[in-house]
Amino acid sequence: MSAPDSAIRQTLADANLQLAIYSNTGRFKDNRVKAVAPDQLPEYQDLRTRAAAIKRHTLAFLDVYLLQLENAVNDNGGKVIWASTGEEAAEFIVKLAKDRQANLIVKSKSMTSEEIQLNERLAHNELEAVETDLGEYILQLAGQRPFHIVAPAIHMTRHDVADIFTEKLGVAHDTVIENQAMTARRVLREKFLTAGIGITGANFLLADSGAVVIVENEGNARLTHSAPKIHIAIAGIEKLIPRTRDLAVFLDLLGRSASGQTLTSYTSIVTGPRRKGELDGPEEFYLVLLDAGRTKLLADPDQRESLQCIRCGACLNACPVYRKIGGHNYPWVYSGPIGKVITPALQGKENNAWLPFASSLCGACGEVCPVKIDIPGLLIKLRKELVRSDPADRSAFRVWAWLMRRPVMYGLAGRIGRTLLRRMPLGFNFGPLAAWRSERDFPAAPSKSFRDCWKERKK
Amino acid sequence: MARSVAIFVTCIVDQLFPKAGLAMVDVLERLGFEVEFRSAQTCCAQPAFNSGYQDEARAVALHFIDTFADAETIVVPSGSCTSMITHHYADLFAGDSKTMERVNALTPRVFEFSQFLLGQPNLDSLAARFPHKVTYHDSCHALRELGLKDAPRRLLGLVKDLELVEMEAAEECCGFGGTFSVKFAQISGAMARTKVDSILQTGASHVVSLDSSCLMQLRGALSRGGHKVETLHLAEVLASRG
Ligand code: SF4
C-alpha cells in the first residue's frame, strides 16, 4: 500500500490544522526540553541509560517475569487473562459483561484497547463503552481515532469541541474550555456511578507486586478503576518492569518526556480488588495481557528494541514529519516515529511498506526517546527488508554502486548530467527531478565539478 | 614542513557545489595545510545505506576505505557524510572483523570540517570578514550524531563584521533526507517552508550550514518562494574576506 497522498495533501493545505498540530506539539516539545535540561534533571542521561537497560533486561527474560506477574496478581486476589489476539481479549470482556449483566462500561487511558478496537467490538455485542478522558470522550463523540498517543485530541480547537458537543449532546454552543470540561464531567459522573465495569490501560506492570501503574492528569482513570464493581486492566505484555523499586526511574522520565511535567497529577498503583476490611475498590480485578503480534516482534532481533517503548509521545512531538502530516494519516492508532516502526511489525510489513520510507532520518525521535530506542536505525533496517520487493529501485542502486566504484566513469557521468542540465535547465521533467521541482527549484548545475577545478588548479 | 590533509569533498559538493569545496581548500591552506585531493574518491555510500541497500552500500564504502586507507587526516565538508563514515560504517561491517579492523583504523582520522578546524591553534590567521547578517541551520547529522552545535557557531564568531542571529527552528530538519525529498516531495517541501519561515523571521541575508544537501533544499525552497536570502556553506563564509 502506498502513502495516502491526497489525504496528506489536504492536511498540509489546512492552515488551521497545521497551526494546531505545530503549536501544540511545539509546546510539549519545548516543555520537555526544559524539564530534562541539566539544571532541572542533571541525571537525565543516566536515567535514560538505566531505563533502556531495565527494559532490555525485562524483554530478555519476559517469560520469567510474566509468570511472576501472574502469580503476584493471583496472590492479590485478581486474575490474569492471556489474550493472544485482540479478538480473544474482547471475547473475554464481552462474556464477563454479559455474565455480570454490566451493559455500561467506562474506560480510561487505554491505547491498547484502541489498538484492538475494543469499543467497536463491545458495541457489536450491545455493550456501551464510554471514554471518560476528555480528549478521548470528544473523539468518541466525533467518531474519530486518537490523533496523538498521549494527547488524542491535540488537533481540535475549542470551536470544534463546541460544535461536537452541541451536535451530539444537545447542549448550548459554548466555546469556553472550562465550561466544556464541566459539561463532559456532568455527563460522565453519571456514567461512572452506573457502570458495571471499568476498563483502564496500564503504563507499567510490576512483576514483583502484581500491581498496575496508571499515570494521568484528569483523575478519570482513578474513578474508572475504583467506582465500578469490576476493574479490567488491559495491557500489552511489554508493559512489564521487574521490580517496584525500578518504577521511580520510569516515573522520572515519563511525565517529563510526554509533556514536561515532573510528575503527572495522579499516579495510581493498583494492586487488585478490594481486600477484607477495605472500604472501597472493585470487587473483581482482571488483568488482560495482550500479545497481538508482540511475541513475534520479540523474536525479531532487528526490531525487538521497539518493545521498550513506554508510549510517552515525545518522538511524535519531536518529529518534523508528524508535525506536518498529523496523526490521522498514519494507518494505525500508533502514529509518529514509533508508529512507523511498530505498525509494519505488528500489522504487516507489505501493506504498510511506505511508512519506513516516510522519514528524513533526522534523528530527532531517537534523541528524545527516554528509553533510547534507535528509531532511525530501526527504520533503516525495515527499509532493508522492504526494498527486496522493488526490483526497479534495486537496479538503479546497483548501477549507482557500480558507478561509484569507477571514479573515471563517475566523473564522466557527472559531466554529462551537468551538461544536460545546463543546456536544458528546465528539461528532464520526470522522475525524481520532477518530484523535486514540484516543491522547490533545482540548483543551476556548475560547468565544472570540483575535480575539474582541482585539475586546473594544479596545472 | 606543512602538515598535509586529505579532503573528501563528497559527491554532492563535487558535482553541484564545487565552490564549497574550493572554499574549504582555501581555508585549510590559509591555516598552513597542504591539501591533497585523491581523485579516486566518489561517495561515502550514504544514499544506499539509508535506502536499505546494504550490499551496494558496503561495496561503495569499501571503495572509500581503499581510497583513504593510508591518509593521515581526512577532512569532509559535510556532517552527514562524516557521520556515515564514523558512525555507520560500523553498522555496515558488523560481523566482518577483517573490514572492521580497517574501519576502526580509519574512522578516528575522519573529521567534519568545522570539527577539524576548531582543533587548530592558529585560527586567527584566517582573517575572515563577512559583513552580513547570518543565520545558522543545524544539519541533523552534524548536530545529533556528531554533536556539533557549538563548533560552527564559534567559528562564525571569529568572522569579522558578521552578525549571527539564531532562528527559532535552527535544530529542525530542513526536510531533505535524501530520497525522502523526492519520494515524499510534498512533506519534504512543507518541512522546507517551515524552515524558510523561520529563516525569514531573523531578517538574515544569508543562511549558513555544514551540509550542502540541506543548503540545496533550502536554496530551492527560498528561490521558489521568491526570497532573496542566500545559502552558503560555512567554508565559504570562512574563506570570505568581505
Ligand atoms: S518510542 Fe520512545 S519517545 Fe516514542 S513514544 Fe515510545 S518511549 Fe516515547
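Residues numbered from 1 in each chain as written. Chains lettered and ligands numbered in written order. Predicted model: local features only at pLDDT ≥ 70, side-chain atom pairs only at ≥ 80, totals over all residues. Heavy atoms only, no water.

(A) Here's a closer look at the nonpolar core. Counting residues in each nonpolar core, the largest one holds 132 residues, and the members touching the most others are A:Leu287 and B:Tyr89. No other element matches the seven residues that helix H12 (residues 247–259) of chain A contributes to this core. Beyond its immediate stretch of four places on either side in the chain, A:Leu287 contacts A:Leu69, A:Val73, A:Lys79, A:Val80, A:Ile81, A:Leu205, A:Val212 and A:Ala233. (Core = buried A, V, L, I, M, F, W, Y, C linked by side-chain atoms within 4.5 Å. Buried < 20%, exposed > 50% of the residue type's maximum accessible area, 1.4 Å probe, protein only. Helix = DSSP H or I, 4+ residues; strand = E, 2+ residues; numbered from the N terminus. Contact = heavy atoms within 4.5 Å.)

(B) Geometry of the packing of aromatic side chains. All names here are of chain A. Per the counting criterion, the structure on display carries 22 aromatic pairs over all chains. Pairing Phe147 with Tyr322 gives two aromatic rings, centres 6.3 Å apart and planes at 70°, and the pair type is edge-to-face. Taken as a pair, Phe147 in the loop between helix H8 (134–142) and helix H9 (158–169) and Tyr322 in helix H15 (residues 322–325) lie far apart in primary sequence, 175 residues in all. When sorted by exposure, Phe147 lands in the same class as Tyr322, which is buried. (Phe/Tyr/Trp six-rings, centres within 6.5 Å; stacked < 30°, edge-to-face > 60°.)

(C) Highlighting the sheet that holds strand S7 (residues 230–236) of chain A. Residues and elements named next belong to chain A. Taken in spatial order, the six strands make up an open sheet running S1-S10-S7-S4-S2-S3, and their pairing is parallel. In the strand order of this sheet, the two ends are held by strand S1 (79–83) and strand S3 (128–131), each with one partner. If you compare each strand with its neighbour and ignore which way they point, the axes differ by 25° on average. Summarising the sheet, strand S4 (residues 197–200) and S7 pair through four bridges and their orientation is parallel. Within S7, the residue paired with Gly198 across the bridge is His231. On top of the sheet, helix H5 (residues 86–99) reaches S1, strand S2 (104–108), S4, S7 and strand S10 (284–290); it is set at about 165° to S10, its chief contact. (Pairing = 2+ DSSP bridges. Axes fitted to C-alpha atoms, helices over the stretch in contact; angles between N-to-C directions.)

(D) How the structure looks around the side chain of A:Lys55. All names here are of chain A. In this structure, Lys55 sits in helix H3 (residues 44–60). For the buried residue Lys55, which engages in no salt bridge, the nearest side chain bearing the opposite charge is Glu238, 7.0 Å off. Here the side chain of Lys55 touches Glu238 through a polar contact of 3.1 Å, landing on its backbone oxygen. Lys55 has contacts with Glu238, Lys239, Leu240, Ile241, Phe250, Gln308, Ile310 and Val371, leaving out every residue within four places of it along the chain. (Lys, Arg positive; Asp, Glu negative; His and termini not counted. Salt bridge = Lys/Arg side-chain N within 4 Å of Asp/Glu carboxyl O. Polar contact = N/O pair within 3.5 Å; in protein donor to acceptor, adjacent residues only side chain to side chain.)

(E) Main features of the interface of chain A and chain B. Listed as interface residues are 60 residues of chain A and, on the opposing side, 62 residues of chain B. Taken together, the two surfaces of chain A and chain B that pack against each other cover about 5,400 Å², and 63% of this comes from carbon and sulfur. Among the residues of chain A in contact with chain B, A:Glu439, A:Arg440 and A:Phe450 are the three that bury the most area, contributing 14% of the side total. Inspection of the region where chain A meets chain B yields nine salt bridges. Among the salt bridges present, the one from B:Glu172 reaches A:Arg323, with a minimum N-O distance of 3.3 Å. Applying the counting rule to chain A against chain B returns 29 residue pairs in polar contact (both at pLDDT 80 or more). Considering each element in turn, the side of chain A that touches chain B owes the most residues, seven residues, to helix H19 (residues 391–404) of chain A. Classifying every residue of the side of chain A that touches chain B gives 31 nonpolar, six polar and 23 charged. (Buried area = accessible area lost by both parts, 1.4 Å probe. Nonpolar A, V, L, I, M, F, W, Y, C, P; charged D, E, K, R; others polar.)

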